[in-house]
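Breakdown of the fold
Letter by letter, the chains look like this.
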Amino acid sequence: MNTEETNVDLKDAETKDAEAAPAPDAGPGPDAVPGPDVGPDAGPQEASGPAADADATEADVSEADLDQEDQEKQPMTGGGARAQDGPPAAGEDPDPVPEKNGTVKLKIPEDREEKFTGLNKEELMRVAGTPGWVRTRWALLVWFWLCWFGLLGGAVLIVLQAPRCRELPATSWWSAGPLYRVSDTWAFSPAHNLKGVEQQLAHLSHMKVRGLVLGPVHVAPADDAMALRFEEVSSESGTLQQFRELLQAAHERGISVVLDLTPNYRGSSGSWFSNGSVTNVAERLKAALVFWVEQGVDGVQLSGVERVSRVVPSLWTDIRTIVQNGTEETPNKRVLIGVTERTSAEDVSALLNSTGVDLLVSGVLLPADATERAQSVQLLYSTHSQQRLAWSLGGRGHLASLAGPALVRLHQLLLLTLPGTPVFTYGDEIGLMDEGNKFPRMLWDSDKEELNGTLKEEWAGRRSCRRFFAALSDLRGKERSLLFGDFLLLSNSSSSLAYLRVWDQSERYLAAFNWAQEAAALQLSGPAAAALPRRATVVLSTDGDALPADSTVDLTELRLGPGEAALLRFPYAG
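Throughout, residues of each chain are indexed from 1 in the direction in which the sequence is written. Where totals are concerned, whole chains, interfaces and linings use all residues; where local detail is concerned, this predicted model gives features only for residues with pLDDT of at least 70, and gives and counts side-chain atom pairs only at 80 or more. Water and hydrogen atoms play no part in the side-chain values, which are based on all heavy atoms of the structure.

Within the protein, the secondary structure is distributed over 18 helices and 20 strands. Working definition: with a 1.4 Å probe on protein chains only, accessible area under 20% of the residue-type maximum means buried, over 50% means exposed, and in between means partly exposed. Residue burial in the protein is summarised as follows: out of 574 residues, 41% are buried. We call two residues in contact when some of their heavy atoms are within 4.5 Å. Sequence-distant contacts in the protein: of pairs separated by 6 or more residues, those separated by 24 or more amount to 69%. All accessible areas in this document rest on Shrake-Rupley with a 1.4 Å probe, and a residue is counted as covered only by the protein chains that are shown. By element, 53% of the accessible surface of the protein is carried by carbon and sulfur atoms, the whole surface being about 32000 Å². Here a strand is any run of E in DSSP of at least two residues, a helix any run of H or I of at least four, and the numbering for each starts at the N terminus.

Structure below.
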């Protein structure tokens, strides 16, 4: 609020009061007003006595109040009285500015909002020492620690009672995704050489391929051991510089490159020529391996490993050491892949033990009887680590030719869900078929422009098959149950198969297959069947109309159509 100055001029009021009051003991002066004894000629007089004095005093006070209000309205300057009396007479000095007596300045404080500033230190110290506050602080302190220890104990109890996570197994890079074999560079790419293979690496990445098994590409005239040159790239395949560029480009995409160095891959006298030449060829291969390891290859594939390991065991041990042991330049583990024509699970298991290869590609899944196939898988799974199991329908040939065009997707699902490493030949993702003894030419999207109406419809089916392969391969690389989960057999007959892949608390995956030409009802049984839920969700199916994705099926009445396969999943239930 603003400070107001109130000027109260009490001087005039006092003067008037003094004039109105009678002077004691003063005689009549020359100017005295005649009293009542004045003669009859005197004019009318004011009433005298106390009543008259009181009226005069009250009138004077009222007049003083009015003068005060008038003065408050006038500027606070001197000479106010002179202005009322008129200007001074000639020769008369003007009156000096009168003193403003009785002026009082009153300051009214502003109406400010008071802010609470809390207690000061001294006040706090006085309050803090009171018995009530001391007891309160101790109570709060005890309560805090009781709550803290309670929370700690609860957390420990939860940790102790929670199911322990299963320790992840040791894995190698070849367990993370499928291997893709390109045995003939001329048939695989439009460029017909290693450069053309490099140009198709994007396709391999889309298929989630983890390793490229290339070649053989070295110089090896048929059945001529003396002309064999392991370190030289054949002119039909390209050049050493193209190989180096392919290797670098593949590594940039996260694809490892395995080089096939089978000696007599074009001849008919066996992979290692005659018995008399095995020692000489093995010695030359040993020297060549050092060269290719220095180039940066991630592994080596050899056919006929049972023969060389038996004939020259010491040289075979040296070959294994060069390939499988890492160096300072290449610390990552390299893979040694063996190829055999054996189809018996017992023989394959024995070769895995005797040769010491990391993976052994065989025809163990070729038998048409599903019961025998399931028994082979069960035997190998129970006797070897998943890292050493490789699955294909044979060392050479395409799925469509080995199993039939109608069952290509079924075998894609089988190879990509079994415990181990799936191995495919180029074109298996689109159902490419063999052409006699020749490698078939790979079909690419650019080739569809040259197709007529019928072939274009066929190409649409191939693209659908490729999408199925890519989706399944991608899922396998993400799900722990499919990567390294346990294998549990649920159903096995001469024409059908069902098994479960589980890992710790991850989602469970159930793969079911029907090789028969008629529909089949699968009866799920065994110890693992007791933990199955009533229903499961369809992830992928070879017949999307009968079992669409994301639909649910009753596991107690699981039925598959002719040549149909499906991958189902359900959550971990504790």
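Glancing now at the nonpolar core. Looking at soluble globular proteins, one finds that nonpolar side chains tend to be buried together. Counting 94 residues, the largest nonpolar core has Tyr180, Phe188, Leu261, Leu302, Leu365, Trp391 and Phe513 as its most contacted members. Element by element, the count of residues in this core is highest for helix α10 (residues 278–295), at seven residues. Apart from the residues within four sequence positions on either side, Trp391 is in contact with Val364, Leu365, Val377, Leu380, Leu415, Leu418, Pro419, Gly420, Thr421, Pro422 and Val423. Throughout this description, the term nonpolar core refers to a set of buried Ala, Val, Leu, Ile, Met, Phe, Trp, Tyr and Cys residues connected via side-chain atoms within 4.5 Å. Grouped together as the second largest cluster of nonpolar side chains are 22 residues, Val502, Ala512, Leu524 and Ala529 included.

What follows deals with the sheet that holds strand β8 (residues 299–303). Within the open sheet, the eight strands sit side by side as β10-β9-β8-β7-β4-β3-β12-β11. Their pairing is parallel. Pairing within the sheet leaves two strands with one partner each, and these edge strands are β10 (359–361) and β11 (390–391). Two elements, strand β4 (residues 211–214) and strand β7 (residues 256–260), share four bridges in a ladder whose sense is parallel. Following the sheet pairing, Val213 is matched in β7 by Val258. Together, β4 and β7 form the strand contacts of helix α9 (residues 240–252), whose direction differs from that of β7 by roughly 145°. By this definition, two strands are paired if DSSP reports at least two bridges between them. To get an axis, fit a line to the C-alpha atoms, keeping to the stretch in contact for a helix; angles then go from 0 to 180 degrees between the N-to-C directions.

Extensive coverage of strand β14 (residues 496–502) is indicated by the burial of seven of its seven residues. Residues Ser496, Ala498, Leu500 and Val502 point to one face of β14 and Leu497, Tyr499 and Arg501 to the other, with burial holding for every one of them. Sheet analysis places strand β13 (residues 486–492) next to β14, joined by six bridges and oriented antiparallel. Each residue of the ladder has a partner; that of Leu489, found in β14, is Tyr499. The turn joining β13 and β14, which pair antiparallel and follow one another in sequence, is formed by three residues. With six bridges connecting them, β14 and strand β15 (residues 508–514) associate as antiparallel partners. Across the sheet, residue Leu500 finds its bridge partner in β15, namely Leu510. Between the end of β14 and the start of β15, which pair antiparallel, lie five residues, with Asp504 showing a positive phi angle near 45°.

For the rest of this paragraph, the subject is the confidence of the model for the protein. Mean pLDDT over the protein stands at 83; residues scoring 70 or higher make up 77%. For the stretch residues 1–11, pLDDT sits under 50, and the model shows 21 contacts to residues farther than four places along the chain or on other chains. One confidence number per residue, pLDDT, is output by the predictor and ranges from 0 to 100. Scored below 50 in pLDDT, residues 76–87 makes 10 contacts in the model with residues more than four places away or belonging to other chains.

Attention shifts here to the layout of surface pockets. Here a cavity means grid points, on a 1 Å grid over the protein atoms only, where a 1.4 Å probe fits yet cannot get out; a pocket means an open set of points with protein on both sides within 12 Å along at least five of seven lines; lining residues are those with an atom within 4 Å of a point. Grid points are joined across faces, edges and corners, and a volume is the space filled by probe spheres set on the points. A volume near 1300 Å³ is recorded for the largest pocket. Any residue that is not Ala, Val, Leu, Ile, Met, Phe, Trp, Tyr, Cys, Pro, Asp, Glu, Lys or Arg is counted as polar, Gly included; the first ten are nonpolar and the last four charged. Each residue belonging to the lining of the largest pocket can be placed in one class, and the counts come to 11 nonpolar, 25 polar and 12 charged.

Attention shifts here to the packing of aromatic side chains. Note on aromatic pairs: the rings of Phe, Tyr and Trp (six-membered ring only in Trp) are paired at centre separations within 6.5 Å, and the planes decide the class, stacked below 30 degrees, edge-to-face beyond 60, tilted for the rest. Taken as a whole, this structure holds 16 aromatic pairs when the rule is applied. Between Phe144 and Trp145, the ring centres sit 5.2 Å apart and the planes meet at 75°, which makes this aromatic pair edge-to-face. Grouping aromatic residues by their ring pairs yields a cluster made of Tyr381, Phe487, Tyr499, Phe513 and Trp515. Think of it as a cone above the ring: NZ of Lys or CZ of Arg counts as a charge over the ring if it is within 6 Å of the ring centre and within 35 degrees of the ring normal. When the ring centre of Trp515 is taken as reference, the NZ or CZ atom of Arg373 above it lies at 4.3 Å.

Below, the discussion takes up the packing of helix α13 (residues 345–355) against helix α14 (residues 370–383). At their nearest, the axes of α13 and α14 sit 9 Å apart, and the two run at 25° to each other. In terms of orientation, α13 lies roughly parallel with respect to α14. The hand of the α13/α14 crossing is right-handed. Across the interface between the two elements, Ala345, Glu346, Val348 and Ser349 of α13 pack against Ser376, Leu379, Leu380 and Thr383 of α14. Among the residues forming the contact of α13 with α14, the class breakdown is four nonpolar, three polar and one charged. Angle categories: roughly parallel below 35 degrees, roughly antiparallel above 145, roughly perpendicular from 65 to 115, and oblique for all the rest. Each crossing gets its handedness from the near helix: less than a right angle anticlockwise from the far helix is left-handed, clockwise is right-handed.

Take a side-chain nitrogen of Lys or Arg and a carboxyl oxygen of Asp or Glu: if they are within 4 Å of each other, that pair is a salt bridge. This structure, assessed with the given rule, holds 12 salt bridges. Arg229 is the partner of Glu232 in a salt bridge, and the nearest nitrogen-oxygen pair spans 2.7 Å. Overall, Arg229 belongs to the partly exposed group, its relative accessible area being 40%. Put simply, Lys286 and Asp318 hold a salt bridge, and the shortest N to O gap is 3.0 Å. With a gap of 32 residues between them, Lys286 in helix α10 and Asp318 in helix α12 (residues 313–324) connect regions that are remote in the sequence.

A contiguous patch of negative charge on the surface is contributed by Glu346, Asp347, Asp369 and Glu372. One can find Glu346 in helix α13. Patch membership requires over 30% relative accessible area and the absence of a salt bridge. Like charges are linked within 9 Å, and nonpolar side chains (Val, Leu, Ile, Met, Phe, Trp, Tyr) within 5 Å. The charged-residue count follows a simple rule in which Lys and Arg add positive charge and Asp and Glu add negative charge, with His and chain termini not counted at all. In this description, the location of a charge corresponds to atom NZ of lysine, CZ of arginine, CG of aspartate or CD of glutamate.

This part is about a nonpolar patch on the surface. A surface patch of nonpolar side chains, amounting to about 1300 Å² of accessible area, comprises Trp138, Leu141, Val142, Trp143, Phe144, Trp145, Leu146, Trp148, Phe149, Leu152, Val156 and Leu160. Along the chain, Val156 turns up in helix α5 (residues 131–161).

This part takes up the sheet that holds β13. With respect to topology, six strands assemble into an open sheet ordered β13-β14-β15-β20-β17-β18, the strand pairing being antiparallel. What marks the edges here is a single partner per strand, and that holds for β13 and β18 (552–554). Between one strand and the next, the sheet's axes are offset by a mean angle of 30°, whatever the strand orientation. Bridge count for β15 against strand β20 (residues 565–570) is six bridges, and the pairing is antiparallel. From the neighbouring strand, Arg508 faces β20, where its bridge partner is Phe570.

Moving on to the packing of α9 against α10. Here α9 crosses α10 at 50°, and the two axes come no closer than 11 Å. Considering the angle they form, α9 stands oblique to α10. Residue-level inspection shows Leu240, Phe243, Arg244 and Leu247 of α9 in contact with α10, the latter providing Phe291, Trp292 and Gln295. A per-class count over the contact of α9 with α10 returns five nonpolar, one polar and one charged.

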